[in-house]
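Given next are the chains, with one letter for each unit.
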Number of protein chains: 2
Amino acid sequence: MEQKIIFRADAGGSQQLADAVIREQPLTIYLNGQEFVTLLCTPELAEMLAVGFLRSEGLIRSYADISSLRVDEGEGFVFVETAGGSLAEKLYGKRTITSGCGKGTVFFSVLDSLKMAPVQSTLRISYLQVINLSRTLQEKAALFMQTGGVHSAALCTPTEVIYFCEDIGRHNAVDKIVGLCLKNMVAIADKVLLTSGRISSEILVKTARLGIPLLISRAAPTTLSVELAEKLGITLIGFVRGSRFNIYSHPERVQL
Amino acid sequence: MEQKIIFRADAGGSQQLADAVIREQPLTIYLNGQEFVTLLCTPELAEMLAVGFLRSEGLIRSYADISSLRVDEGEGFVFVETAGGSLAEKLYGKRTITSGCGKGTVFFSVLDSLKMAPVQSTLRISYLQVINLSRTLQEKAALFMQTGGVHSAALCTPTEVIYFCEDIGRHNAVDKIVGLCLKNMVAIADKVLLTSGRISSEILVKTARLGIPLLISRAAPTTLSVELAEKLGITLIGFVRGSRFNIYSHPERVQL
């Protein structure tokens, strides 16, 4: 967060004051000496964002694939070297690239995702565990909610939050979590992903690519995300409000 | 909206029921016979979205630039022919392209925007007009808010709403409005743009590209959007809540 001088207007008039505004900065990732992508993000955990982004996009599989990593926070650069150019990296150049819309970046198409194998997992969660995890995420987020402009994501077991991250972009918050998992060698594929944001098709496809079987959001899904969740084997839970929630796909993982 | 069969869980157990989910579909724009871009969007007003997107991205300047336009709603295709390939279109191929993240698509970089001339406008708005416009947008949005997953945008004069559009993507909602303005030959550059979403740098740059001098949101801006608004001559108003709001840049357009 950063203080900005603003005018606050109300019925009584206006006053000039300093107010907290959520930070947004371009972060450019250089991969093996080449400018790779620029993300618009909240600069905290820049290293984890870069690592998680490369994993989410299939450029690396583990933290050991990285031979060197250097962050220049002031300039907003991350320099990543990988051990030997992977096939994925070579193929990646064939795709078209852009920076995202502050919500992260999606390089793959929804159509590509239909060729993916469905997520396989024996993970189960109970009604109370869903309610409790959502409540915990909201409590954590509330601490940082002064600025009103931030998304949060958390990686959890059915009973506890392992990592919690925030960013102006829904996708970035998830990628920071992916980066933390990779660095600390925490398995992501048997966990629950919570997000504060709406579930559109790209966040669903990202979840499937990471092999996460259970996605929970306070917010609403779209029709396309519901259809993809059904097809890709993901249990999609949305609209968690108070003691109530909706299960949109694969309810067999929820013990009611 | 579309009805989906879901399970709703609460403390008393669960029941299967039909619930409204916001529609999300891929819309592929073909420009002069070439596949141009695929947007993930809410399919209403697909034609206006395509027209607005092409205008926002600088591919057309007016509706007269379009020699033919055909929408295949079932397949999610829009076929646009323009009168003579413009220079912009030729240059456009040099840029890298991707579909956005359900929030619309941003092809230009934040750095590009720094070369833009600041928005010039004599538009003024009063304290009460800001409050009233925001209230009107919220009332309109409330009608459609059953699904919880939608963004809205409106083009207004200081005293009334001219167009109101919704989409799962903040950018798409704005582009639908741009399309309506083009088709109906309504000037956009001397109006006020209202959005339900957070103000990140790309929506700010889009506003500047369209020459809109005043951007109002119920939600929060980021530091980068505040800095760009200052530089690009845009009055940025955020956090409109009840009878209060914040002015982040160019307060000279607001009569307090």
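Above this note sits the structure.
I will try to describe carefully the structure that is included in this document. (Residues numbered from 1 in each chain as written. Chains lettered and ligands numbered in written order. Predicted model: local features only at pLDDT ≥ 70, side-chain atom pairs only at ≥ 80, totals over all residues. Heavy atoms only, no water.)

1. Some details on the overall build of chain A
Item 1. Counting its regular elements, chain A contains seven helices and 14 strands.
Item 2. In chain A, which comprises 256 residues, the proportion classed as buried is 57%.
Item 3. In chain A, 49% of the contacts between residues at least 6 apart in sequence involve partners at least 24 apart.
Item 4. Accessible surface, chain A as shown: approximately 10,100 Å² in total, 52% of it carbon and sulfur. (Helix = DSSP H or I, 4+ residues; strand = E, 2+ residues; numbered from the N terminus. Buried < 20%, exposed > 50% of the residue type's maximum accessible area, 1.4 Å probe, protein only. Contact = heavy atoms within 4.5 Å. Areas by Shrake-Rupley, 256 points an atom, 1.4 Å probe, with all protein chains shown as cover.)

2. Focus: the packing of helix 6 (residues 201-210) of chain B against helix 7 (residues 223-232) of chain B
Residues and elements named next belong to chain B.
Item 1. Close contact between helix 6 and helix 7 brings their axes to 8 Å; oriented N to C, the two are set at 20 degrees. With respect to helix 7, the axis of helix 6 lies roughly parallel. Handedness of the helix 6/helix 7 crossing: right-handed. Contacts between helix 6 and helix 7 pair Ser-201, Leu-204, Val-205 and Ala-208 from the former with Leu-224, Ser-225, Leu-228, Ala-229 and Leu-232 from the latter. (Axes fitted to C-alpha atoms, helices over the stretch in contact; angles between N-to-C directions. Parallel < 35°, antiparallel > 145°, perpendicular 65-115°, else oblique. Left-handed = near helix turned anticlockwise from the far one by under 90°.)

3. Quick notes on helix 6 (residues 201-210) of chain A
What sets the pattern is the α-helix's 3.6 residues per turn: residues three or four places apart point alike.
Item 1. Taken across its 10 residues, helix 6 of chain A has nine buried, putting it largely inside the fold.
Item 2. Within helix 6 of chain A, burial applies to Ser-201, Glu-202, Ile-203, Leu-204, Val-205, Lys-206, Thr-207, Ala-208 and Leu-210 of chain A.

4. A short note on the pattern of salt bridges
Item 1. Taken as a whole and judged by the stated rule, the model has 18 salt bridges over all chains.
Item 2. Glu-227 of chain B serves as the salt-bridge partner of Lys-4 of chain A, at 2.6 Å between the closest nitrogen and oxygen. Taken as a pair, Lys-4 of chain A in strand 1 (residues 2-10) and Glu-227 of chain B in helix 7 lie in two separate chains rather than in one.
Item 3. When its relative accessible area of 14% is taken as the criterion, Lys-4 of chain A is described as buried. (Salt bridge = Lys/Arg side-chain N within 4 Å of Asp/Glu carboxyl O.)

5. Examining the sheet that holds strand 3 (residues 25-31) of chain B
Within a sheet, adjacent strands bond to each other through the backbone by hydrogen bonds, running parallel or antiparallel.
All names here are of chain B.
Item 1. Read across the open sheet, the four strands follow the order 4-3-6-5; overall the sheet is mixed. At either margin of the open sheet sits one strand with a lone partner, and together these are strand 4 (34-41) and strand 5 (66-72). Neighbour-to-neighbour, the strand axes of this sheet turn through a mean angle of 20 degrees, independent of strand direction.
Item 2. Here strand 3 runs beside strand 6 (residues 77-82); their pairing, made up of four bridges, is parallel. Paired with Thr-28 across the two strands is Phe-77, which belongs to strand 6.
Item 3. Helix 1 (residues 46-56) rests against strand 3, strand 4, strand 5 and strand 6 of the sheet, and its axis sits at about 115 degrees to strand 4. (Pairing = 2+ DSSP bridges.)

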